[in-house]
Amino acid sequence: MTRVRISVIALTFAAVVSAALVGTSAPATTGSRMTASATAFLGSLSPELKKKASFDFTDPHRAAWFFTPRQDGEKKFTRKGARLEEMTAEQKKAAMELLKSGLSAKGYEQATTIIGLENLLLELEGPKSAMTRNPSWYFVSVFGEPSSTGKWGWRFEGHHLSVNYTLDKGEVVAGAPILFASNPAEVKDGAKKGLRPLPEIEDHVRALIKSLTEEQDKIAKQPKAFPEIKEGQAKADVGAPVGITADKLTADQKATLVKLLQAYAGRMPDELADTEMKKVKATPDTKLFFAYSGSPKPGEGYTYRVQAPDFVVEFLNVQADSAKNQANHIHSAWRRLPIDFGLSE
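Given the structure is predicted, the values throughout are model-derived calculations rather than measurements. (Residues numbered from 1 in each chain as written. Predicted model: local features only at pLDDT ≥ 70, side-chain atom pairs only at ≥ 80, totals over all residues. Heavy atoms only, no water.)

## Section: the overall build of the protein
Counted only if it meets this: Think of it this way: any DSSP run of H or I at least four residues long counts as a helix, any run of E at least two long counts as a strand, and we number them from the N terminus. Whether two residues touch is decided by their heavy atoms; if any such pair falls within 4.5 Å, the residues are in contact. Every accessible area reported is derived by Shrake-Rupley at a probe size of 1.4 Å, with residue values counting cover from the shown protein chains alone.
Within the protein, the regular secondary structure consists of 9 helices and 15 strands. Counted over contacts in the protein with a minimum sequence separation of 6, partners at least 24 positions apart contribute 67%. A total of about 15400 Å² of accessible surface is found on the protein, and carbon and sulfur atoms cover 54% of it.

## Digging into the packing of helix H8 (residues 251-265) against helix H9 (residues 270-282)
Heads up, the condition is: Note on geometry: axes are C-alpha line fits, over the in-contact stretch for helices, and angles between N-to-C directions span 0 to 180 degrees. Just so you know how the angles are binned, under 35 degrees is roughly parallel, over 145 roughly antiparallel, 65 to 115 roughly perpendicular, and the rest oblique. Take the far helix as your reference; a near helix turned counterclockwise from it by less than a right angle gives a left-handed crossing, and one turned clockwise gives a right-handed crossing.
For the pair H8 and H9, the least separation of the axes is 9 Å and the interaxial angle reads 150°. Judged on the interaxial angle alone, H9 and H8 are roughly antiparallel. Considering only the axes of H8 and H9, their crossing is right-handed. From H8, Val258, Leu261, Gln262 and Ala265 reach across to H9, where they touch Ala273, Glu276, Met277, Val280 and Lys281.

## Some thoughts on the packing of helix H2 (residues 30-44) against helix H4 (residues 89-101)
The axes of two packed helices give the description: the angle between them and the distance between them. Defined as follows: Each residue gets one label: Ala, Val, Leu, Ile, Met, Phe, Trp, Tyr, Cys and Pro are nonpolar, Asp, Glu, Lys and Arg are charged, and the others, such as Gly, are polar.
One can describe the packing of H2 onto H4 by two numbers: an axis separation of 9 Å at closest approach and a directional angle of 160°. When the axis of H2 is compared with that of H4, the two are roughly antiparallel. By crossing handedness, the relation of H2 to H4 is classed as left-handed. Counted together, Thr30, Arg33, Met34, Ser37, Ala38, Ala40, Phe41 and Ser44 of H2 and Gln91, Ala94, Ala95, Glu97, Leu98 and Ser101 of H4 form the full contact between these two elements. Of the residues belonging to the contact of H2 with H4, the class tally is 7 nonpolar, 5 polar and 2 charged.

## Let's talk about the side chain of Arg305
Convention followed: A simple rule labels every residue: compare its accessible area, found with a 1.4 Å probe on the protein chains alone, to the largest value its type can have, and call it buried under 20%, exposed over 50%, or partly exposed in between. Polar contacts, as used here, are pairs of N or O atoms within 3.5 Å; protein pairs need one atom able to donate a hydrogen and one able to accept it. Residues neighboring in sequence count only if both atoms are side-chain atoms.
Structurally, Arg305 can be placed in strand S11 (residues 302-308). Given a relative accessible area of 7%, Arg305 falls into the buried group. Engagement of the side chain of Arg305 in a polar contact is seen with the backbone oxygen of Val238, the distance being 3.1 Å. For Arg305, the contacting residues outside a window of four places in its chain are Phe226, Pro227, Val238, Phe289, Phe290, Ala291, Val312, Val313 and Glu314.

## Section: helix H6 (residues 200-211)
Condition: One less than the residue count of a helix, multiplied by 1.5 Å, gives the span that helix is expected to have.
The end-to-end C-alpha distance of H6 is 16 Å, a good match for the 16 Å that 12 residues give at a rise of 1.5 Å each. Every buried residue of H6 is accounted for by Glu200, Ile201, Glu202, Val205, Leu208 and Ile209.

## Considerations on the nonpolar core
Selection criterion: The nonpolar core is taken to be a set of buried Ala, Val, Leu, Ile, Met, Phe, Trp, Tyr and Cys residues, with the residues joined through side-chain atoms within 4.5 Å.
Within the largest apolar cluster, 68 residues are counted, with the highest numbers of intra-cluster contacts made by Phe41, Trp154, Phe156, Phe290, Tyr304 and Trp334. For this core, the leading source of residues is H8, giving 7 residues. Discounting chain neighbours no more than four positions away, the residues touching Phe156 are Leu84, Ala95, Met96, Leu99, Ile115, Tyr138, Phe139, Val140, Leu161, Ser162 and Val163. The next biggest cluster of nonpolar side chains, apart from the first, holds 10 residues, and it includes Phe67, Leu179, Leu316 and Ile339.

## Re the side chain of His160
Tracing the backbone shows His160 in the loop between strand S4 (151-158) and strand S5 (161-168). Sequence-distant contacts of His160, that is, excluding residues within four places in its chain, are made with Phe67, Ile114, Leu179, Phe180, Ala181, Ser182, Asn183, His329 and His331.

## Details of unusual backbone geometry
That bond from Ala176 to Pro177 is cis: its omega, 0°, falls within 30 degrees of zero. Turning to its location among the elements, Pro177 is positioned in the loop between strand S6 (171-174) and strand S7 (178-182). A cis amide bond links Asn183 to the next residue, Pro184, at an omega of 0°. In the Ramachandran plot, Asp237 falls in the positive-phi region, its phi being about 55° despite a non-glycine side chain. Looking at the secondary structure, you find Asp237 in the loop between strand S8 (221-222) and strand S9 (244-245). Of note in the backbone geometry, Phe341 takes a positive phi value of approximately 65° without being a glycine.

## Remarks on the pairing of S5
Regular strands place side chains that alternate from one sheet face to the opposite one. Which entries qualify depends on this criterion: In this scheme, strands are said to pair when DSSP sees at least two bridges between them.
When you tally the buried positions in S5, you get 8 out of 8 residues, the bulk of the element. The alternating pattern of S5 places Leu161, Val163, Tyr165 and Leu167 and Ser162, Asn164, Thr166 and Asp168 on opposite faces, both of which are buried. Alignment of S4 against S5, held across 8 bridges, turns out to be antiparallel. Bridging across to S5, Trp152 finds its partner in Leu167. Count of turn residues in the S4/S5 antiparallel hairpin: 2 residues, of which His160 carries a positive phi of about 70°. One ladder, built from 3 bridges, connects S5 with S7; its direction is antiparallel. Counterpart to Val163 in the pairing with S7 is Ile178. Where S5 meets S6, 3 bridges bridge the pair, whose relative direction is antiparallel. Of the residues in S6, the one forming a bridge with Thr166 is Ala174.

## A few points about the environment of Asp285
Mapped onto the elements of the fold, Asp285 is located in the loop between H9 and strand S10 (289-294). Residues Asp285 and Ala246, spaced 39 residues apart in sequence, show a C-alpha to C-alpha distance of 4.7 Å. Discounting residues that sit within four places of it in the chain, Asp285 has contacts with Thr245, Ala246, Asp247 and Lys254.

The values reported here are purely geometric and, on their own, carry no functional implication.
So, in structure tokens, the structure goes:
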């Protein structure tokens, strides 16, 4: 196999500005950092690009999120927003700074690694691939006017990545949906052999499943795979929870389940992750469900779901992209219930 080039978009994104506004101290809260970063991003754009990136807060595009390639038969992208490929180096820095404001250091590293995997897919599939593989085909949208007084939101999105935030009066009111995916989940050959962009969301669940007793497994294991994550809409629409509740787990098993959820919440900035994990730990054990299907053994397909009254984690690893890439393509999302984007039903 030719040398795999999975840089963290080395030439394009190596230099990321350390603060949104040069000459000022970093804003104190996650909300203020997002506001400063979004303001700087929009201010860096040409009128044409700013028009592409800017939407009304109530625009339907705000809830129309997608992590699939989203292109027609002629490889024409159907996404909206300002595309990284259209930006100057400084504009790209500002766009990546906005993404960085919505992720932890580890989450940002994972996100940029996911973007870099487009280079690997291009090498694996070749120029005649039915899909466009390009680490600069990611889009930024801002909804409403970034401020500390009104409602606004933003999204950074492309293949296998969708980060969505909604703010009101300077505070983050929703960090969902946040979807990270990876193909391959583990690089099997080449210079980056062994690379796993999202290891925790598989390692912790495998440990949990392995620890289940026969009686517990009968409750947790489902006869059919969970369906694909529903993109393009604000409502996860996952139905009633199924599986085993946390009160039927041992203390060690419950701790492993919490570690799994921390891996998802930990994609967010620490301030937001702490808030989400407080909600997790405050959820009654009788209302925290874990369920899975299939086999979590490497190379075998499986899905799982963790569901509580106000959030759901969804995971799938069922695709067989080739004879050498069986069940090595993962999708994972953190979503709010009953609805994302800080919306009411």
